[in-house]
Amino acid sequence: QVQLVESGGGLVQPGGSLRLSCAVTGTFFSIYAMGWHRQAPGKQRESVADIVGGGRINYVDSVKGRFTISRDNANNTFYLQMNSLKPEDTAVYYCNAVVKVGPHQYNYWGQGTQVTVSS
C-alpha cells in the first residue's frame, strides 16, 4: 500500500521560511510526477508546484521566486521550500504523487499539513 506522509507545517511570521516534506512509502515501481497543492478556507484547492515526467517544474504565479520544489530520488521524498512567506500563503498544504504500481499509475495524496503565516 502506497502512502504519502507529510511533515513540516507550522506557524511562521511574514517573511519567514518553512520546508515541507513528503515521503512516498510502500511498494511501487516508480514515481512519475509529484506536486504540492494548497487549500485556504473558503477557497478551492490550487496547484502550487509540481515536477512532471522528465523533470519539468511548474509553479503557480503567486509563488514564483519564493517557493522551490525538489526531490530526493534515493529516499523517495520531495520537498517544498517556502521563503518570503506571506499571510496569503496560509492554507492546508497537500502533497500528491502519481506512482506506478505494477502496470498501472495511481494518484495518491498526503494527509495535509497546516501552514499559517501570521504576526
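Look up a bit, the structure's there.
Note that this is a predicted model, so its numbers are computed, not measured.

Calculation rules
Think of each chain on its own: its residues are numbered from 1, step by step along the sequence as written. Reporting of local features is limited, given that this is a predicted model, to residues whose pLDDT is at least 70; pairs of side-chain atoms are given and counted only at 80 or more, and all residues count toward the totals for whole chains, interfaces and linings. As a rule here, side-chain values cover all heavy atoms of the structure and leave hydrogens and water aside. Counting from the N terminus, the helices are the DSSP runs of H or I reaching at least four residues and the strands are the DSSP runs of E reaching at least two. In what follows, a contact means two residues having at least one pair of non-hydrogen atoms within 4.5 Å. Planes of paired rings set the category: under 30 degrees apart is stacked, over 60 is edge-to-face and the rest tilted, where pairs are Phe, Tyr or Trp rings (Trp by its six-membered ring) whose centres lie within 6.5 Å. Throughout this description, buried means an accessible area under 20% of the type-specific maximum (1.4 Å probe, protein chains only), exposed means over 50%, and partly exposed covers the range between. A pair is scored as a salt bridge if a Lys or Arg side-chain nitrogen falls within 4 Å of a carboxyl oxygen belonging to Asp or Glu. By definition, disulfides here are pairs of cysteine sulfur atoms that lie within 2.5 Å. By nonpolar core we mean a set of buried residues, namely Ala, Val, Leu, Ile, Met, Phe, Trp, Tyr and Cys, connected to one another through side-chain atoms within 4.5 Å.

J.: It is not clear to me how the environment of Ser84 should be interpreted in this structure. Could you clarify?
T.: Secondary-structure assignment places Ser84 in the loop between strand 8 (77-82) and strand 9 (91-101). Residues Ser84 and Val115, 31 residues apart in the sequence, show an inter-C-alpha distance of 13 Å. Beyond its immediate chain neighbours, meaning those up to four positions away, Ser84 contacts Gly15, Gly16, Ser17, Arg66 and Asp89.

J.: Just checking my understanding: could you explain the packing of aromatic side chains for this structure?
T.: Working definition: an aromatic ring pair is given by the centre-to-centre distance plus the angle between the planes. Scanning all chains against the criterion turns up two aromatic pairs. Consider the rings of Trp36 and Phe78, whose centres lie 5.6 Å apart with planes at 65°: the pair is edge-to-face. Placement of the pair is Trp36 in strand 4 (residues 30-39) and Phe78 in strand 8, with a sequence separation of 42 residues. With a relative accessible area of 0%, Phe78 lands in the buried category.

J.: Sorry, what's going on with the pattern of salt bridges here?
T.: Opposite charge on two side chains allows them to pair when their charged atoms are near. Applying the stated criterion across every chain yields a total of four salt bridges. Here Glu46 ties to Arg38 by a salt bridge, and the two come within 2.7 Å at their closest N and O atoms. Accessibility expressed as a relative area gives 29% for Glu46, which makes it partly exposed. Relative accessible area serves as the criterion here: at 6%, Arg38 is assigned to the buried category. Across the salt bridge formed by Asp61 and Lys64, the nearest N and O atoms sit 2.9 Å from each other. Each of Arg38, Glu46, Arg66 and Asp89 takes part in salt bridges that share partners, so that together they form one network.

J.: Just to check I follow, could you spell out the state of the cysteines for this structure?
T.: Disulfides are covalent bonds that connect the sulfur atoms of two cysteines. All told, the structure shown has one disulfide when counted by the stated rule. With a sulfur-sulfur separation of 2.1 Å, Cys22 is cross-linked through a disulfide to Cys95. Note on the Cys22 and Cys95 pair: the S-S dihedral is about 60°, so by sign convention the disulfide is right-handed. Placement of the pair is Cys22 in strand 3 (residues 18-25) and Cys95 in strand 9, with a sequence separation of 73 residues.

J.: Would you mind showing me how to read unusual backbone geometry here?
T.: Backbone phi values are negative for most residues with the exception of glycine, while trans is the configuration of most peptide bonds. Positioned with a positive phi, Asn76 is a non-glycine residue whose angle comes to about 50°. Residue Asn76 is classed as partly exposed on the basis of its relative accessible area of 28%. With phi around 50°, Ser84 is a residue other than glycine that occupies positive phi space.

J.: What's the story with the nonpolar core in this structure? I'm lost.
T.: Across soluble globular proteins, nonpolar side chains show a tendency to be buried alongside one another. Judged by nonpolar contacts, the single largest core of 30 residues is most densely connected at Val24, Leu80, Met82 and Tyr93. Broken down by secondary-structure element, the contributors of at least two residues to this core are strand 3, strand 4, strand 5 (46-52), strand 7 (67-72), strand 8, strand 9 and strand 11 (113-117).

J.: Help me understand the side chain of Ser21 in this model?
T.: As for its position among the elements, Ser21 is in strand 3. When near neighbours in sequence (up to four residues on either side) are disregarded, Ser21 contacts Val5, Glu6, Ser7, Trp36, Phe78 and Tyr79.

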